[in-house]
Amino acid sequence: MTHVSAIATYLPCWGSAGGRVAGGDEDAVTLAVEAGRAAIDASFGGVAGGGSAGGDDSADAGGGGGGGGVQRVVLVSRELPLLEGGNAAVLLAGLGLDPEIEVSERLGGAPAALDALSSARARTLVIAADVQPFAGAAAALVAGSGLTVTPVARLARSLPVRTRSAAGQVHDYGDPRLLRERGVLASVSALAAEGAEKPLALAGVDARQAAAVCAGQPAALPTTGASSALFALAALAESHSAGPLFAAEQATVSGVLVGDGVVVVRRAEPAARPLPASTFTPGKEIPVSLAAYDRAFSAKVRFEAGRQAGTGELDFPPRYRVGPDGALHTDYTLVPLPRTGTVYTGVTVRIPVPGLPTPYSLVIVELDGVDVRVLARVTGASPGTVSIGDRGRMVLRLVAVRSGVPDYGYAFCPQEAAA
Amino acid sequence: MREVAIVGAGMTPFAEHFSLGIKDLLPMAFAECAASVDKGLEVGDIQAAWFGELSTTDGFPSGILADTCGLLDVPITHVENACATGNDAVRNAVMGIASGFYDVVLVMGADKVRESASKDTFWEWAGMTRDMAWDYPLGLVAPANFALHVARYLHESPATREHMAMVAVKNHHHAVSNPKAQLRFDITVEQVLNAPMVVEPFGLYDCTPQSDGAAALLLAAADVADKYTNRPVRIRGVGLGLDRVMHQHKRDMTTFPATVRAAKAAFGMAGLTPADVDVAEVHDCFTGVEMISYEDLGFCSRFEAYKLVEAGATSVGGSIPVNPSGGLKAKGHPPGATGVAQCVELFEQLRGSASNQVDGARIALAHNVGGPTAVSAVTLLEGPDA
């Protein structure tokens, strides 16, 4: 049995009532960071990196009590951006967690997410993220007390109606009726024969199938992948419903019993808007210097400035300085920057730029409470709709894919979109 | 410090020279410069050369100049200072003569922007001006680089897109009579405002074209200039200014501090003031940049550039004509050549032989600002006595 102290959900603002789509600057890692940060914040009342640059607290954001004492992170998805090259460092940096924390990247759907949660030790942050066909992410923080989740049923069966190879090639057998009858329904029946109760919610399938299997009317879920299991848990927690929660992926099903306990649920689910039209112009691969990537990584992905020893002045990006006497000053510490600010100036690029989806808006943001500005792309708003003086927050996004390397950094999300 | 004069000037037309390489454009501009020397030039008189080029099509720039123009026996220095390259090459050559090292030197500038596929141009050129980890992947294309300034400028000043359009109309009109200009046609304010948007607030006609070209100047110590001409153009002042390279570090984006610094240095050296200037070639890669530069160069007060535009003061015939050649906007902009070509135009203006002549011009100013809006060069010239 595990205890869940906080659950947070995130949905991209793009899409329709039928389902959300990820923006071009979002992937499983950025979606996971949005949900994961919110879960830490909900549980401990303050995400590491939440704006201490103006104060005296210059400790490493992820260390010790930072990050709410999270000691392990499990990311469940079928759409990990990189199979090789690593998502873990970006995930931890985006979450504001210490790079010493253990990260498990689990390839799986809704049952895998439920299994990850029900088997997790305390102080584990379980995040599930989906990009296709519907985008969304949810995170649950396992703690010493909270909502109880107990594994009660598990059945792995093979009915590979849809397959995706290591190279990403997808085959669809093309028989949804077979999948329904011999997949989900057969597995649920098998579990029922062994004494499992009818579930209150079934994640990993569409609403009609869930309704056919569940006792009562289950809550609608925004995804059908890994994250749907945690979205379902959030819905049960909000309605104070104790009972079985099942999660399915093709013919494999896992079940947990959701019990009592206090849990904080936080949802970042802005109203859906149509994804703005965008053009991608192919061109040469955008070059990358991995030496420069490496030097910039911590400041760029953790959103930290260098605070000069002595003067306390902030440099973003961090840098060496030379004094009026010619002396070199290399002594700075990285401190988290505030993540809210106001647009100082901004433009919208309308011409095609090879390798980037166009149009896009670029803004210079004055961060709150510090003498630091940031040049960033706009996210979560249609290009051309952000004006000087608009307020918003800085969020981790995929800036570009450069010669195969996902290049993450911070984008400006205007307040209206974030609401 | 010895006085320095321009005694010869020439340039290729600015255009998409698909059929001419850098090794063709350099000797073309050089020969036209040599032919402009009133009393003739022996190539062997040239003691040193400075060559401004941003990109390096076909390889090693200094060697290409030496090789293509028969200058194998003199030292040649390659200058690269973003879009201020041309006027900075002039400044370096001036120091070569003013110091007493040389009597006669050559300044050349060239670039071939259209040598690479247009779809590749942005990323290739951005690599020269952007922080690789931070700015490069954001897609800060050249127009956006300047538009970030102009958007803020339009926010704080009374200037509007209509004023910017008037600058484009003016510079296009100026270029019509210039045989070296790339865009020799008139446009209207309505055309500018209705043109496809490139990077807001710049439409297509707010932007310089992409150009190839080369330009050359022959400089001589004032005390030997009469060997070449009785009508030298004196170089009264040169200045170079820099600024923070990342846009997020520029405190006030309604101005280009690099220009202010360069102008201060050039005017200080010349002992002149902005009010003394009769004609100017100003860096108008984008229309709004010309307006901000009026203020940075001291042609008007802060946020009053729109008044000069409305009054037609910067048109030929006005009180301070700017870009009689058509400017970067209509003459074209092969970056390494641009500043040198501005001085070619002003050499002709000050000697009364320009295609779009400003009557009675005696003091002239050339100005570049560029890179990540972090470098500017200003040159002040004085014409021969009437």
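Residues numbered from 1 in each chain as written. Chains lettered and ligands numbered in written order. Predicted model: local features only at pLDDT ≥ 70, side-chain atom pairs only at ≥ 80, totals over all residues. Heavy atoms only, no water.

> An account of the overall build of chain B is needed here, citing residue identities and associated values.
Broken down by element type, chain B carries 12 helices and 11 strands. With the C-alpha coordinates of chain B rotated into their principal frame, the extents come out at 55 × 45 × 35 Å. In chain B, buried positions account for 66% of the 386 residues. In chain B, once contacts between residues fewer than 6 apart in sequence are set aside, the share between residues at least 24 apart is 78%. Summing over all exposed atoms, chain B offers an accessible surface of approximately 12500 Å²; the carbon and sulfur share of this is 53%. (Helix = DSSP H or I, 4+ residues; strand = E, 2+ residues; numbered from the N terminus. Buried < 20%, exposed > 50% of the residue type's maximum accessible area, 1.4 Å probe, protein only. Contact = heavy atoms within 4.5 Å. Areas by Shrake-Rupley, 256 points an atom, 1.4 Å probe, with all protein chains shown as cover.)

> Before we move on, can you summarise the pattern of salt bridges with the specific residues and values?
Opposite charge on two side chains makes pairing possible when the charged atoms of those side chains draw close. Tallied over the full model, the rule gives 42 salt bridges over all chains. Among the ionic pairs, Glu181(A) bridges to Arg180(A), the shortest N-O distance being 3.8 Å. You can call Glu181(A) partly exposed: its relative accessible area is 34%. Take Arg180(A): its relative accessible area is 28%, and that puts it in the partly exposed class. A salt bridge links Arg267(A) to Glu269(A); its shortest N-O distance comes to 2.7 Å. Residue classification places Arg267(A) among the partly exposed residues on the basis of a relative accessible area of 33%. The class for Glu269(A) is partly exposed, based on a relative accessible area of 29%. Taken together, the shared-partner salt bridges connect Glu3(B), Arg234(B), Arg236(B), Arg362(B) and Glu382(B) into one network. (Salt bridge = Lys/Arg side-chain N within 4 Å of Asp/Glu carboxyl O.)

> Tell me about the sheet that holds strand β20 (residues 332-336) of chain A, and please be specific about residues and values.
The strands making up a sheet associate through backbone hydrogen bonding, with each pair oriented either parallel or antiparallel. Residue and element names in this part refer to chain A. The strand order β17-β16-β20 describes an open sheet built from three strands, whose pairing is antiparallel. Each having just a single partner strand, β17 (314-315) and β20 make up the two edges of the open sheet. Pairing analysis gives five bridges linking strand β16 (residues 304-308) to β20, with the strands arranged antiparallel. Bridge pairing in β20 links Gln308 to Tyr332. (Pairing = 2+ DSSP bridges.)

> Give me the packing of helix α3 (residues 85-98) of chain B against helix α12 (residues 335-350) of chain B: which residues, what numbers.
Residue and element names in this part refer to chain B. Their axes nearest at 5 Å, the elements α3 and α12 cross at an angle of 65°. Only Gly336, Gly339, Val340, Gln342 and Cys343 of α12 make contact with α3, whose side of the interface consists of Thr85, Gly86, Asn87 and Val90. Along the lines of polarity and charge, the residues of the contact of α3 with α12 split into three nonpolar, six polar and no charged. (Axes fitted to C-alpha atoms, helices over the stretch in contact; angles between N-to-C directions. Nonpolar A, V, L, I, M, F, W, Y, C, P; charged D, E, K, R; others polar.)

> Run through the packing of aromatic side chains, naming residues and quoting values.
Two aromatic rings, taken as a pair, are described by how far apart their centres are and by the angle between their planes. Applying the stated rule across the entire model yields 12 aromatic pairs over all chains. On the basis of an interplanar angle of 80° and a centroid distance of 4.9 Å, the ring pair of Phe316(A) and Trp134(B) is categorised as edge-to-face. Highlighted residues: Phe316(A) in the loop between β17 and β18 (321-322) and Trp134(B) in the loop between α4 (118-126) and α5 (142-156), drawn from two different chains. Look at Phe316(A) and you get buried, because its relative accessible area is 4%. Members of the aromatic cluster, each reached through a chain of ring pairs, are Phe303(A), Phe316(A), Tyr410(A) and Trp134(B). (Phe/Tyr/Trp six-rings, centres within 6.5 Å; stacked < 30°, edge-to-face > 60°.)

> Lay out the interface of chain B and chain A with the relevant residues and their values.
Of the residues lining the interface, 36 residues belong to chain B; the matching set on chain A comes to 39 residues. For the chain B and chain A pair, buried surface summed over both sides reaches about 3300 Å², with 63% attributable to carbon and sulfur atoms. Its largest share of buried area at the contact with chain A, chain B owes to Trp134(B), Leu138(B) and Gln248(B), together 23% of the area lost on that side. Applying the counting rule to chain B against chain A returns four salt bridges. The interface formed by chain B and chain A holds 21 residue pairs in polar contact (both at pLDDT 80 or more) in total. Elements with a contribution of two residues or more to the side of chain B that touches chain A: α4, α5 and β5 (197-200) of chain B. Among the elements that take part in the side of chain B that touches chain A, α5(B) stands out by supplying seven residues, more than any other. Looking at the side of chain B that touches chain A residue by residue, the classes come out as 19 nonpolar, six polar and 11 charged. When strand β21 (residues 340-349) of chain A meets β5(B), the two strands line up antiparallel, connected through two bridges. Looking at β5(B), one finds that Val349(A) is bridged to Val199(B). (Buried area = accessible area lost by both parts, 1.4 Å probe. Polar contact = N/O pair within 3.5 Å; in protein donor to acceptor, adjacent residues only side chain to side chain.)

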